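# Coordinate inspection notes
Given next are the chains, with one letter for each unit.
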Amino acid sequence: MDTVLSGIRSTGNLHLGNYFGALRNFIRMQDENKCYFFIADIHSLTTHPDPKELHGNVKNVLVDYLAAGIDPEKSVIYIQSDVPEISELYLYLNMHAYMGELAKTSSFKEKARKQPENVNAGLLTYPTLMAADILIHNADKVPVGKDQEQHLEMTRKFARRFNNFYGVEYFKEPVAYNFGEQLIKIPGLDGSGKMGKSEGNAIYLADSPKEIEKKVKRALTDSGPTEPNSVKPDYIENLFTIMRVVSAPDVVQHYENKWNSCEMRYGDMKKQLAQDIINVTSPIRERILEIEKDDAYLRKVTQEGAEKARESAKKTIEAVRQIVGFKKF
Ligand code: TRP
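Notes on the structure follow. Each chain carries its own residue numbering, running from 1 in the direction its sequence is written. Note on the predicted model: pLDDT of at least 70 is required for a residue's local features to be given, and 80 or more for side-chain atom pairs to be given and counted; whole-chain, interface and lining totals, by contrast, use all residues. Excluded from the side-chain calculation are hydrogens and water; included are all heavy atoms of the structure.

### Things to note about the packing of aromatic side chains
- The aromatic pairing rule takes the rings of Phe, Tyr and Trp, using the six-membered ring of Trp, and pairs them if the centres are within 6.5 Å, calling planes under 30 degrees apart stacked, those over 60 edge-to-face and the rest tilted. In total, this model carries 11 aromatic pairs according to the counting rule given.
- Aromatic pair Phe26 and Phe37: ring centres 5.5 Å apart, planes at 50°, arrangement tilted. Placement of the pair is Phe26 in helix H1 (residues 16–32) and Phe37 in strand S2 (residues 34–40), with a sequence separation of 11 residues. For the pair Phe26 and Phe37, one class covers both residues: buried.
- Ring pairing ties together the aromatic residues Phe162, Phe165, Tyr166, Tyr170 and Phe171, which thus form one cluster.
- Looking at Lys34, its charged tip hangs above the ring of Tyr36, at a distance of 5.4 Å from the centre.
- Working rule: Lys NZ or Arg CZ, within 6 Å of ring centre, within 35 degrees of ring normal, means a charge sits over the ring. Between Lys232 and the ring centre of Phe240, over which it is positioned, the NZ or CZ distance is 4.4 Å. Secondary structure elements follow DSSP: runs of H or I of four or more residues count as helices, runs of E of two or more count as strands, with numbering from the N terminus. The buried label applies to any residue whose accessible area, calculated with a 1.4 Å probe on protein chains only, is under 20% of its type's maximum; exposed applies above 50%, and partly exposed to all values in between.

### Regarding the pattern of salt bridges
- What makes a salt bridge here is a side-chain nitrogen of Lys or Arg within 4 Å of a carboxyl oxygen of Asp or Glu, nothing more. Within this structure, the stated rule accounts for 21 salt bridges.
- One salt bridge in this structure joins Asp2 and Lys141, with 3.0 Å as the shortest N-O distance. Residue Asp2 is found in the segment before strand S1 (3–9), and its partner Lys141 is found in strand S4 (residues 141–142); the two are separated by 139 residues along the sequence.
- Taking relative accessible area as the criterion, Lys141 reaches 25% and is therefore assigned partly exposed.
- Ionic contacts of the salt-bridge type, sharing partners, join the residues Lys232, Glu237, Arg244 and Glu256 into one network.

### Concerning the pairing of S2
- Burial analysis of S2 places six of its seven residues in the buried class, which makes it a mostly covered element.
- Between any two strands, pairing holds if DSSP finds at least two bridges. Two strands pair when backbone bridges link them, and S1 and S2 are joined in this way by seven bridges, in the parallel orientation. From the neighbouring strand, Val4 faces S2, where its bridge partner is Cys35.
- The handedness rule is simple: strands pointing away from the viewer, and a clockwise path from the first strand over the helix to the second, make the crossover right-handed. The parallel pair S1 and S2, bridged by H1, forms a crossover whose chirality is right-handed.
- Bridge count for S2 against strand S3 (residues 76–79) is four bridges, and the pairing is parallel. Opposite Tyr36, over in S3, you have Val76 as the bridge partner.

### Description of helix H11 (residues 234–246)
- The span expected for a helix works out to 1.5 Å for each residue beyond the first. Compared with the 18 Å implied by 1.5 Å per residue over 13 residues, the 19 Å span of H11 between its first and last C-alpha is a close match.
- Within the span of H11, buried status applies to Ile236, Asn238, Leu239, Phe240, Ile242, Met243 and Val246.
- Along its buried surface, H11 packs onto H1, helix H12 (249–260) and helix H13 (266–291). Residue contacts are defined here by distance: any two heavy atoms, one from each residue, within 4.5 Å place the two residues in contact.

Honestly, that's just the spatial picture; any functional story needs more than this.
Structure, rendered in structure tokens:
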């Protein structure tokens, strides 16, 4: 059985794109592997979040993941800052991470451009912290999107370098977790290619039916096709793409036919689409509303998660301390 580790950004609620992208696959993944899911709250400090908001953000993400089906009975779920061994490993890895290679990382260059007033050392060493997250459990596999591939590549490099420098074969070189199929990409409702928080076009798992109806109603449309069987513009194709994911095949076919015969009534289609999105998200939303009130449950999940994560992390740190040459008197 492989050890799989997944790091979760502690910013923003989960939306339909996250759900049909990675999250739905995570639920299957945890049946076949030893899975660790953690919320990367230390990473989030690189952008100096308001301390009053940090905990709420972590809680939102935790609640969404639990509600969507990440199961603390099957997987280890924890908060990064609850496992100090990660920070210790980060420190050792930093001794073998070089200024030049860190400064060349795409994510660093992008962040440095976005926040020129706050190009801090944590931002520069973001990849070493991420490597520490992964190597602390000697994970075999990490599910990553395109934007994180370079970080995983650097993790392998840091692992290899550590092994070579100390003449050991301690760290494994983790690879990307492959879901065995193309991940579904959910487009935005505004004609853009991707649903996202920063794009401001997202339908959240926690949205109420009213909010979902409102957002779908606002989706970009036009006056409809005038030629039979014409090619759909992107913003219309996007509505169909979402419909193919949430609606029954005959419903999709019905609207395909309407489009092809130039009898499209967007109002009807949007009503149907909103209803089918609501059908998918409501069970999750109901669990969100229950779990977010249940402080005792959240405390139990995070405490037990931290305990299990630290058990594994401690083994690694003890070994690493020996390898670098620390000894007790
Ligand atoms: N950098 C990842 C992101 O932005 C989050 C993350 C932090 C992560 N540590 C990780 C992902 C370890 C996978 C493994 O999405």
